[in-house]
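A structural walkthrough
The lines below spell out each chain.
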Amino acid sequence: MELAVFALFALLALASALVVVTHRNPVYSTMSLVITLVSLAVLFVLLGAPFIAALQVLIYTGAILVLFLFVIMLLNIGREETGPSSKLSKVPALAAALIFGGMVALFSWRAFRDDALAPLTEEFVSLKALAGALFDRYLLVFELVGLLLLVAVIAATVLARRPRPGEMEPLEPRPEGEAGNAPHRETAP
Amino acid sequence: MTVPVSWYLLLAAALFAIGAAGALTRRNGITIFLSIELMLNSANLTLVAYSRLLEQHTGQLVVFFVLAVAAAEAAVGLALFIAVYRHRRTIDLNRINLLRW
């Protein structure tokens with residue numbers, strides 16, 4: 001039973017991950033990543049981490065990927081304009097293969113040897129121990145993460161806000177010979 | 001039958017490799033961002049799997065913090081994309097090359 005669930009969702013995660021990196025349209029990539037993340041959430045449940053699975057669904061698919069979709073639709077980005085994008089050139093393919101081999105080698109250091117799992121205990125799955133460690137030993141990290149999120153919100157607001165008039169140069173290319181320290185702009189081909 | 005932890009780790013390695021290949025080959029900024037999210041998630045799967053193997057909660061707590069950092073990263077990164085798009089009308093990373101060597 002557990003094996004069947006694992007096989008189903010592992011294959012689903014792999015297939016949708018391939019769609020994420022190969023599809024030309026970012027909207028489909030994002031929706032495919034939703035499938036990957038939900039499958040991973042199921043695997044988290046299998047691994048005895050239901051809290052992390054809930055966070056995965058709530059934060060990743062509920063907030064982050066909705067933000068992605070929002071930005072894609074706000075900017076109205078369609079397909080990539082230039083060239084064949086899904087071709088896997090040699091260097092990235094080699095890098096991916098090296099990463100995969102390296103990770104397998106690293107994992108075999110420990111996990112492949114003592115593979116036998118103790119059955120899940122009530123104590124491990126329960127939120128109590130997790131929350132105890134989070135608000136005791138890692139309280140400082142918790143507070144710092146809150147600060148990080150605050151800074152990120154401020155930074156995102158500043159970066160994405162509509163510029164005041166005169167603050168940024170207009171979008172149209174400037175006429176030649178206009179003075180000013182405008183940043184270098186490439187002319188569109 | 002319980003699934004051995006090594007299978008989860010193999011799945012995580014495969015997902016990470018797919019994400020890395022995507023981040024290296026794609027040109028659309030959003031898609032590269034999505035590939036990076038994929039790599040972050042495969043790392044999360046590794047952490048949870050090891051947390052299960054070693055019967056410790058620390059791995060799950062690290063995943064918690066990774067989620068928060070990923071949220072911050074997505075917010076700032078997408079705001080950067082919006083700002084760049086206002087200037088250049090594209091987020092094709094081959095055409096946003098001012099800061100490349």
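Residues numbered from 1 in each chain as written. Chains lettered and ligands numbered in written order. Predicted model: local features only at pLDDT ≥ 70, side-chain atom pairs only at ≥ 80, totals over all residues.

1. Description of the overall build of chain B
The criterion, for reference: In this description a helix means any DSSP run of H or I spanning at least four residues, a strand means any run of E spanning at least two, and both kinds are numbered starting from the N terminus. Once C-beta atoms are placed from the backbone, each residue is buried if 20 or more other C-beta atoms lie within 10 Å of its own, exposed if 12 or fewer, and partly exposed for counts between those two.
Along chain B, the regular secondary structure elements total three helices and zero strands. Along chain B, from the amino end to the carboxyl end, the secondary structure elements read α-α-α. In terms of overall dimensions, chain B has C-alpha extents of about 55 × 25 × 25 Å along its principal axes. Looking at chain B as a whole, 54% of its 101 residues qualify as buried.

2. Focus: the overall build of chain A
Where we set the bar: Once C-beta atoms are placed from the backbone, any two residues with those atoms within 7 Å are in contact.
Tallying secondary structure elements over chain A gives seven helices and zero strands in all. Secondary structure elements of chain A occur, N-terminal to C-terminal, as α-α-α-α-α-α-α. For chain A, the proportion of its 189 residues judged to be buried stands at 23%. Partitioning the contacts of chain A with sequence separation of at least 6, the portion at a separation of at least 24 is 52%.

3. Structural notes on the environment of Ala49(A)
Relative to the helices and strands, Ala49(A) is located in the loop between helix 2 (26–46) and helix 3 (50–75). Note on Ala49(A): 27 C-beta atoms within 10 Å, which makes it buried. The spatial distance from the C-alpha of Ala49(A) to the C-alpha of Leu127(A) is 9.1 Å, given a sequence separation of 78 residues. Sequence-distant contacts of Ala49(A), that is, excluding residues within four places in its chain, are made with Phe44(A), Val48(B), Ser51(B) and Gln60(B).

4. Topic: the packing of helix 7 (residues 139–160) of chain A against helix 3 (residues 58–88) of chain B
What counts is decided by this rule: Between the N-to-C directions of two axes lies an angle of 0 to 180 degrees, each axis being a line fitted to C-alpha atoms and, for a helix, fitted only over the stretch in contact. If an angle is under 35 degrees, it is roughly parallel; if it is over 145, roughly antiparallel; if it lies from 65 to 115, roughly perpendicular; otherwise it is oblique. Asp, Glu, Lys and Arg are counted as charged, while Ala, Val, Leu, Ile, Met, Phe, Trp, Tyr, Cys and Pro are counted as nonpolar; the rest, among them Gly, fall into the polar class.
Viewed as axis vectors pointing N to C, helix 7 of chain A and helix 3 of chain B meet at an angle of 10°, and their least axial separation amounts to 8 Å. Taken together, helix 7 of chain A and helix 3 of chain B sit at an angle that is classed as roughly parallel. Across the interface between the two elements, Val141(A), Val145(A), Leu148(A), Leu149(A), Ala152(A), Val153(A), Ala155(A), Ala156(A), Leu159(A) and Ala160(A) from helix 7 of chain A touch Phe65(B), Ala68(B), Val69(B), Ala71(B), Ala72(B), Ala75(B), Val76(B), Ala79(B), Leu80(B), Ile82(B) and Ala83(B) from helix 3 of chain B. For the contact of helix 7 of chain A with helix 3 of chain B, the residue count by class is 21 nonpolar, no polar and no charged.

5. Re the interface of chain A and chain B
Contacts between chain A and chain B engage 72 residues on the former and 67 residues on the latter. For the side of chain A that touches chain B, the elements supplying multiple residues, two or more each, are helix 1 (2–22), helix 2, helix 3, helix 4 (90–108), helix 6 (127–134) and helix 7 of chain A. The element best represented in the side of chain A that touches chain B is helix 3 of chain A, accounting for 11 residues. Partitioned by chemical class, the residues of the side of chain A that touches chain B number 60 nonpolar, eight polar and four charged.

6. Overview of the domain arrangement of chain A
The following threshold applies: In this entry, domain limits derive from an automatic or database-based domain assignment.
Examined at the domain level, chain A breaks down into domain 1 (1–79) and domain 2 (126–163). Look at where the C-alpha atoms of domain 1 of chain A and domain 2 of chain A centre, and you get two points 23 Å apart.

7. Quick word on the packing of helix 1 of chain A against helix 2 of chain A
Residue and element names in this part refer to chain A. Applicable threshold: When the near helix sits turned anticlockwise from the far one by under a right angle, the crossing is termed left-handed; a clockwise turn instead gives a right-handed crossing.
Running from amino to carboxyl end, helix 1 crosses helix 2 at an angle of 155°, the nearest separation of the two axes being 8 Å. Accordingly, the angle class assigned to the pair helix 1 and helix 2 is roughly antiparallel. Handedness of the helix 1/helix 2 crossing: left-handed. Between helix 1, through Glu2, Val5, Phe6, Phe9, Leu12, Ala13, Ser16, Ala17, Val19 and Val20, and helix 2, the contact on the second element is made entirely by Ser29, Ser32, Leu33, Ile35, Thr36, Ser39, Leu40, Val42, Leu43 and Leu46.

8. Structural notes on the nonpolar core
Here is the rule: Residues enter a nonpolar core if they are buried, belong to Ala, Val, Leu, Ile, Met, Phe, Trp, Tyr or Cys, and are joined to the set through C-beta atoms within 7 Å.
Within the largest apolar cluster, 66 residues are counted, with the highest numbers of intra-cluster contacts made by Leu43(A), Phe44(A), Tyr8(B), Ala12(B), Leu15(B), Val48(B) and Ala49(B). For this core, the elements supplying multiple residues, two or more each, are helix 1, helix 2, helix 3, helix 4 and helix 7 of chain A together with helix 1 (5–25), helix 2 (29–54) and helix 3 of chain B. Counting residues per element, this core draws most heavily on helix 1 of chain B, which supplies 14 residues. Not counting residues up to four positions away in its chain, the partners in contact with Leu43(A) are Phe6(A), Phe9(A), Tyr8(B) and Leu45(B).

9. Observations regarding unusual backbone geometry
All names here are of chain B. With a phi close to 55°, Glu55 is a non-glycine residue in the positive phi region. By secondary structure assignment, the location of Glu55 is in the loop between helix 2 and helix 3. Look at Glu55 and you get partly exposed, because 13 C-beta atoms sit within 10 Å.

10. A word on the confidence of the model for chain B
Residue and element names in this part refer to chain B. In plain terms, the rule: Confidence of the predictor at the level of single residues is given by pLDDT, which spans 0 to 100.
Confidence along chain B averages 88 in pLDDT terms, with 97% of residues attaining 70 or more. Within chain B, helix 2 carries the highest mean pLDDT (92), whereas helix 1 carries the lowest (89). Interface confidence for the predicted complex, given as ipTM, is 0.91, next to a pTM of 0.84.

11. Things to note about the confidence of the model for chain A
Residues and elements named next belong to chain A. For chain A, the average pLDDT comes to 81, and 78% of its residues sit at 70 or higher. Confidence, read as mean pLDDT per element, is least for helix 4 in chain A (80) and greatest for helix 2 (94). Scored below 50 in pLDDT, residues 174–189 shows six contacts in the model against residues more than four places distant or in partner chains.

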